[in-house]
Amino acid sequence: MPVLLRRRPWSVAAVAVCGVGAALAALALPAVLGVTVDRLLAGGPVPWRWLALCALLTAAEVALDAAVVWCGGVNSAVLTSWLRRRAVDRLLSAEPHRAQAFSRGDLTTRLTTTTGDAAGAPVAAAGVASAVLLPVGGLVGIVLTDHWTALALLAGVPALVLLLRVFTRDTAAATRDYQRVQASVATRLAEAVAGAATVRAAGTARREHRRITEPLTELGAHGRRTWRVYGRAVGLSSVLLPLLTALVLAVGGLRLAAGAVTVGELVTIGRYAALVVGIGAVTGALGGLARGRAAGERLRPLFALPVPTHRDAALPPDGPGTLVLRDVGVVRDGRRLLRDVNLTVPGGTCLAVVGRSGSGKSTLAAVAGRLADPDEGTVALDGVPLPDVAPHVLRREVGYAFARPALPGDTVGDAIAFGVDRPPPEAVRAAAGDAAADGFVRLLPHGYRTPVADAPMSGGERQRLGLARAFVRSHRLLVLDDATSALDTATERRVWEALDRMAGHRTRLVVAHRLSTAARADCVAWLEDGGLRAVGRHEELWRDPAYREVFQTPPTAPPSTAASASPPDRADHTAAPPPPAGEPEGPPPAKDREGAR
Ligand SMILES: Nc1ncnc2c1ncn2[C@@H]1O[C@H](COP(=O)(O)OP(=O)(O)OP(=O)(O)O)[C@@H](O)[C@H]1O
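Residues numbered from 1 in each chain as written. Predicted model: local features only at pLDDT ≥ 70, side-chain atom pairs only at ≥ 80, totals over all residues.

- As annotated in an unreviewed UniProt entry, the chain is ABC transporter ATP-binding protein from Streptomyces durbertensis.
- Listed under Subcellular location (unreviewed entry) in UniProt, the entry text for the chain is "Cell membrane". (UniProt positions renumbered as here; feature names shortened; annotations may be inferred.)

See the structure below:
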């Protein structure tokens, strides 16, 4: 909350000042009203000045209350929007794997209702001052008017304070639990929508429906608990408050009969008593504050996401795109995903990263272009450590394509152009051509101007758009993380032809499970359990049955020939330069069922 208060101090101060002003007007009114009544009862000329003062105070209270509502509403809306923008910035600036720790549904709840509740906290806090001023001022007013009636009122104050304390504590707990369960419903719903095809294929729609709605019982319990807290407060106050008012008026009436107070003073006492016992404003403000604090707690993990720091170095202008990983290690949740990776990819060459599922290929691809930082070791591009490179330079010089690309932007053309700068339309079309996407995009109703939402696409077509986006800029390093997995063999070959045309001037790091990819690359990095088992040309590695098993091809040689497999070592593995023209040595292409050259 201090951050929010610092964000719009004047606006929050205006709410507090207007609130206090309205409370002061409300506190002055009973005294002025009392004098006016006494003057009217005394006969004589009509006390116009006092009547005018009553009208003025009433108008001031109404106007200032309206200002509180308007100013408070604007303040909360602006702070909500600021909080949401900041939370989204934080999420998108953090390493993707950290942001992915939050489920979509949970994030949706945190970024919508939770931010709204948190943003309301400063206004609620500003409102507490004026809400408390009314009963305290009312009590002081009664003390100043008549001590005995004040003593009668004071007898009930401890009960009022206890009521407020219990209300604040219970509201905070109930709100926190309600928000937590609400997020879990949203999470389950988002999962089911994302996996609708799986749910349908598995015939588990009914079970899924039960799973999504299961927390509703608990949600309902917390909702009822919140209403019980409010109900108890209202119930107790509706008994306590009239009793207290009646007590004060009874004592005041006795004091009037004894001639100790005037009729006007009794009116004043009655109005002040109403202010003292009218704790609705206090409970409302405290409730808002409690909700805001609970929401602030839920937002804390989002704002605690670490954001990688950058320096502002450039890359050498004519650098070939040499990628060097030194002693790279990655540990997540206490698990070692990469260890002692030493690898040099010469500029302009193509490195295939292969290995069994879960061996760490995507993790290696992520650290290669600084989507994630390694926990140990360094990664450098053309001699410059990646954390030193300015973010816009890094994103211009390193391109990525993924297995399941997101397609942001209004149109298909926008989705391809998406990036740090806007490439010209002819570059977009050329990149789409290289990614074998131009053909199907042209067949869309409005070609490249077709809205993405109006262009139903297969997994392979989406992948081709993702590849086009990676091809559209002249990155010196291109990382394809399983980005051709959904392409048919012929289409994949066309994409590879484009990748081959980049040889010598763009470095390519290609994560793949296909034999054809390994066979086409200049060099292969074979990962096993997060470590480099071997680095070499596919033809050399092929002699190792364990390597062949990575592609689930049965061994074709007796186990004794496996001696050529490199043991895990700490040596620097340098990817071999591109092979000379002609047929590579090694396994016969016939073994490659997927069309290796
Ligand atoms: N954020 C994370 N926290 C903990 N473990 C993780 C995290 N991300 C990935 N892993 C684990 O790290 C291992 C390597 O993951 P990675 O995605 O790099 O493998 P991969 O070789 O690309 O697998 P695949 O071929 O199936 O895509 C996996 O076992 C995965 O479960």
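**Brief notes about the nonpolar core**
Inference 1: Ranked by internal contacts, the top residues of the largest apolar core, which has 77 residues, are Val353, Ile416, Ala468, Leu509 and Trp526.
Inference 2: With residues up to four places along the chain from it excluded, the contact list for Leu509 reads Leu323, Val345, Leu351, Val353, Ala365, Ala368, Leu477 and Val479.
Inference 3: Of all hydrophobic cores here, the second largest spans 62 residues; its members include Ala23, Leu27, Val68 and Ala150. (Core = buried A, V, L, I, M, F, W, Y, C linked by C-beta atoms within 7 Å. Buried ≥ 20, exposed ≤ 12 C-beta atoms within 10 Å, placed from the backbone. Contact = placed C-beta atoms within 7 Å.)

**Comments concerning the environment of Arg224**
Inference 1: Relative to the assigned elements, Arg224 resides in helix H11 (residues 215-257).
Inference 2: Here Arg224 falls in the exposed class, since 12 other C-beta atoms lie within 10 Å of it.
Inference 3: Measuring from C-alpha to C-alpha, the distance between Arg224 and Tyr178 comes to 9.9 Å, with 46 residues separating the pair along the chain. (Helix = DSSP H or I, 4+ residues; strand = E, 2+ residues; numbered from the N terminus.)

**Some thoughts on the packing of helix H6 (residues 121-145) against helix H12 (residues 263-277)**
Inference 1: Two elements in contact, H6 and H12, have axes separated by 7 Å at closest approach and are oriented at 155°. Classified by the angle their axes make, H6 and H12 are roughly antiparallel. Along this stretch, H6 crosses H12, giving a crossing that reads as left-handed. Note on element contacts: H12 touches H6 through Glu265, Thr268, Ile269, Tyr272, Ala273, Leu275 and Val276, opposite Leu134, Pro135, Gly138, Leu139, Gly141, Ile142 and Thr145.
Inference 2: Looking at the contact of H6 with H12 residue by residue, the class counts come to nine nonpolar, four polar and one charged. (Axes fitted to C-alpha atoms, helices over the stretch in contact; angles between N-to-C directions. Parallel < 35°, antiparallel > 145°, perpendicular 65-115°, else oblique. Left-handed = near helix turned anticlockwise from the far one by under 90°. Nonpolar A, V, L, I, M, F, W, Y, C, P; charged D, E, K, R; others polar.)

**Remarks on the sheet that holds strand E10 (residues 531-536)**
Inference 1: In spatial order, the strands read E6-E7-E8-E3-E9-E10; together these six strands make up an open sheet with mixed pairing. Both outer strands of the open sheet, strand E6 (398-402) and E10, are each paired with one neighbouring strand and no more. The average angle at which neighbouring strand axes cross in this sheet is 15°, direction not considered.
Inference 2: Note: strand E3 (residues 350-355) against strand E9 (residues 523-528), five bridges, orientation parallel. In the sheet register, Val354 faces E9, and the bridge partner there is Trp526.
Inference 3: Packed on one face of the sheet, helix H19 (residues 459-471) meets E6 and strand E7 (477-481) and runs near 175° to E6. (Pairing = 2+ DSSP bridges.)

**Quick notes on the UniProt feature "domain: ABC transmembrane type-1" (unreviewed entry) in the chain**
Inference 1: Taking the numbering used here, the UniProt-annotated feature "domain: ABC transmembrane type-1" (unreviewed entry) corresponds to residues 13-278.
Inference 2: Span residues 13-278 is 90% helix and 0% strand, its end C-alpha atoms 24 Å apart.

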